[in-house]
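# Fold and geometry: a report
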Amino acid sequence: MSKVLGVPQESVAQFLSGTKQMLINGEWVPSLSGKTYDSINPANGDVIAIIYEGDEADVDQAVRAARVAFNGPWSKTSPAERTKFLNKLADLLEQRVEEFAYLETLDGGNTITLTRYGFVPSAVAHLRYYAGWATKLTGQTIPLTSGGNFHAYTRREPLGVCGQITPWNYPLLGTVWKLAAPLAAGNTVILKPSQQTTLTTLLLGELIMEAGFPAGVVNIVTGSGRKIGEAITSHPDIDKIGFTGSTEVGKGIMRKSADTLKKITLELGGKSPNIIFADADLDKAIQGAFMGMFTNQGQICVAGTRLYVEKSVFQQVTEKLVEMAQKMKVGNPLDPATQMGPLISKEHLQSVKNYIEIAKKEGATVLIGGNVLQEGELAGGNYLEPTILTDLEENCTAVKEEIFGPVLCVMPFEQIEEVIERANETEYGLAAGVWTQNLTTAHKVIDALEAGTVWVNTYLKSDNGLPFGGHKHSGIGVEMGYQGIEAYTKTKSVLISLN
Ligand code: NAD
């Protein structure tokens, strides 16, 4: 294995050798069936690891371990001890940022710049943020409206065992977002990473052991969504499902969770509008629109895929976007100069390509891109050119459906009321962007947009303290901030007679 980033990659090579096991009850174990699956490098199609594939029986073992840990050692830890565990995990992760970044890039094709300076350090910061919350959860004392001699108050208590299911697009950070808040609140956790990007979650499992978490507090089960995911969703002894993934699977999880009345948080898909008014700082807006679309190959739930540009500056904006796409370096994600790596899989590449073909049939003009790249070092990888489409009607498939790849739809508008209506004409409601120097325009649009996050004169910026979640078919509940940890607690009301 080559030396990248000046980091010795031998430790990663060693990690990847042998069949990767699951973490259940503080031990690394094979799947009970002995079945395995391959982990593929999307940059060249190589098998980089073999991983045990679990099923219902493995999930059941993990749930038992998590329940015992919840009723036992974890419920006896003080909030301050939970802070210490999470901070210890953050420290261990911080010491190995480059190793995690390298492995994540190898496994998911996210560029090394993004994993090294973005995803992995953000995971460290997120652990520390919720480490702080463990000691700050409080209830309230309630003055009774009916009076009387009572002492009434509320307590916030952990929910129990949480089944946490994550997608492939930023696997480590996605896992940590599903780990820190529930642990800080006193729950135990079963992590189910995507089959396509399992490795950094398993490496995190090693750090979880090193940090000294009691056995069963964090379990990692690996395998397909259909088997492992459904087993988690329908298991009678799991109290909450924290899910991030597609809207379709999210809806299925909601249906299945109903039988056992689980609490759910669903972070789902998006088709986010990004609106540039003519009075915006155009350089900034174009840069923001470009990055808001093509970061991580467009495989970001909040990607600003529907770009509405005021007609008077439409040509200027599209010309500049095309110029930027032309200059974008698509290539090996381990190369620090690369700006766009491969898509996650051959199937996904084909799905994105199909959307482009459908758009063409529906009358779209391809301003740039649209082709699969296979020459030279890109051979065997899932590379696609950054693609910009225009001449699109609002009901075109590419404008309506989540493509989850590097395909930007650019459309002109004339009136503020018109663009608001078109921006909201979607089943999704995850995020939106507005670029203007006019405060009145900004507030009018903020007020009218149906989205969980609205960015003004910026895009993609997120913060551990700021709640994040989707409206409409983009989700239920939020992560981050106080609300993100509150979602892993339940309220108990206490009424004491003082007579
Ligand atoms: P996906 O829904 O196919 O899979 C997500 C996870 O669910 C995976 O671990 C998968 O194995 C599991 N799963 C699949 N079928 C399941 C089932 N029947 N029961 C239980 N679990 C099941 O999504 P994906 O392709 O991995 O990720 C891309 C999607 O995730 C996009 O729609 C994207 O918008 C969304 N996403 C949303 C957010 C957000 O915060 N809103 C963030 C990242 C990604």
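Residues numbered from 1 in each chain as written. Predicted model: local features only at pLDDT ≥ 70, side-chain atom pairs only at ≥ 80, totals over all residues. Heavy atoms only, no water.

## Quick look at the site of the ligand
Not every one of the 27 residues close to the ligand is listed here, only the nearest: T166, K192, S246, L268 and E402. At 3.0 Å from a nitrogen atom of the ligand is found a side-chain nitrogen or oxygen belonging to E230. Coverage of the ligand by the protein amounts to 87% of the 850 Å² it exposes when considered alone. Elements represented by at least two residues in the shell around the ligand include exactly α10 (225-234), β10 (240-244) and α11 (247-258). (Near = heavy atom within 4 Å. Polar contact = N/O pair within 3.5 Å; in protein donor to acceptor, adjacent residues only side chain to side chain. Areas by Shrake-Rupley, 256 points an atom, 1.4 Å probe, with all protein chains shown as cover. Helix = DSSP H or I, 4+ residues; strand = E, 2+ residues; numbered from the N terminus.)

## A short note on the domain arrangement of the protein chain
Structurally, the protein chain comprises domain 1 (3-268 + 474-493) and domain 2 (273-466). The distance between the C-alpha centroids of domain 1 and domain 2 comes to 30 Å. Taken together, the contact between domain 1 and domain 2 spans 31 residues of the former and 32 residues of the latter. Of the roughly 2400 Å² buried between domain 1 and domain 2 on both sides combined, carbon and sulfur atoms contribute 58%. For domain 1, the biggest contributors to the area lost against domain 2 are P42, W168 and S474; these three give 23% of the whole. Our enumeration of links across domain 1 and domain 2 arrives at zero salt bridges. Here domain 1 is connected to domain 2 by 12 residue pairs in polar contact (both at pLDDT 80 or more). Elements that contribute at least two residues to the side of domain 1 that touches domain 2 include exactly α5 (97-108) and α6 (112-133). Residue contributions to the side of domain 1 that touches domain 2 peak at seven residues, all from α6. (Domains from an automatic or database assignment. Contact = heavy atoms within 4.5 Å. Buried area = accessible area lost by both parts, 1.4 Å probe. Salt bridge = Lys/Arg side-chain N within 4 Å of Asp/Glu carboxyl O.)

## Topic: helix α14 (residues 346-361)
For α14, spanning 16 residues, the distance from its first C-alpha to its last is 23 Å, which sits close to the expected 22 Å at 1.5 Å a residue. Every buried residue of α14 is listed here: H348, L349, V352, K353, Y355, I356 and A359. Looking straight down α14, one finds that the buried residues subtend no more than 145° of arc, so they occupy a single side. More than 90 degrees from the buried face of α14, the exposed residues found are E347 and K361. Among the structural elements, β15 (372-373), β16 (383-384), β17 (387-390), α15 (397-400) and β18 (407-413) are those in contact with the buried residues of α14. Phi for G363, located one or two positions after α14, is positive at around 105°. (Expected span 1.5 Å × (residues − 1). Buried < 20%, exposed > 50% of the residue type's maximum accessible area, 1.4 Å probe, protein only. Arc of directions from axis to C-beta.)

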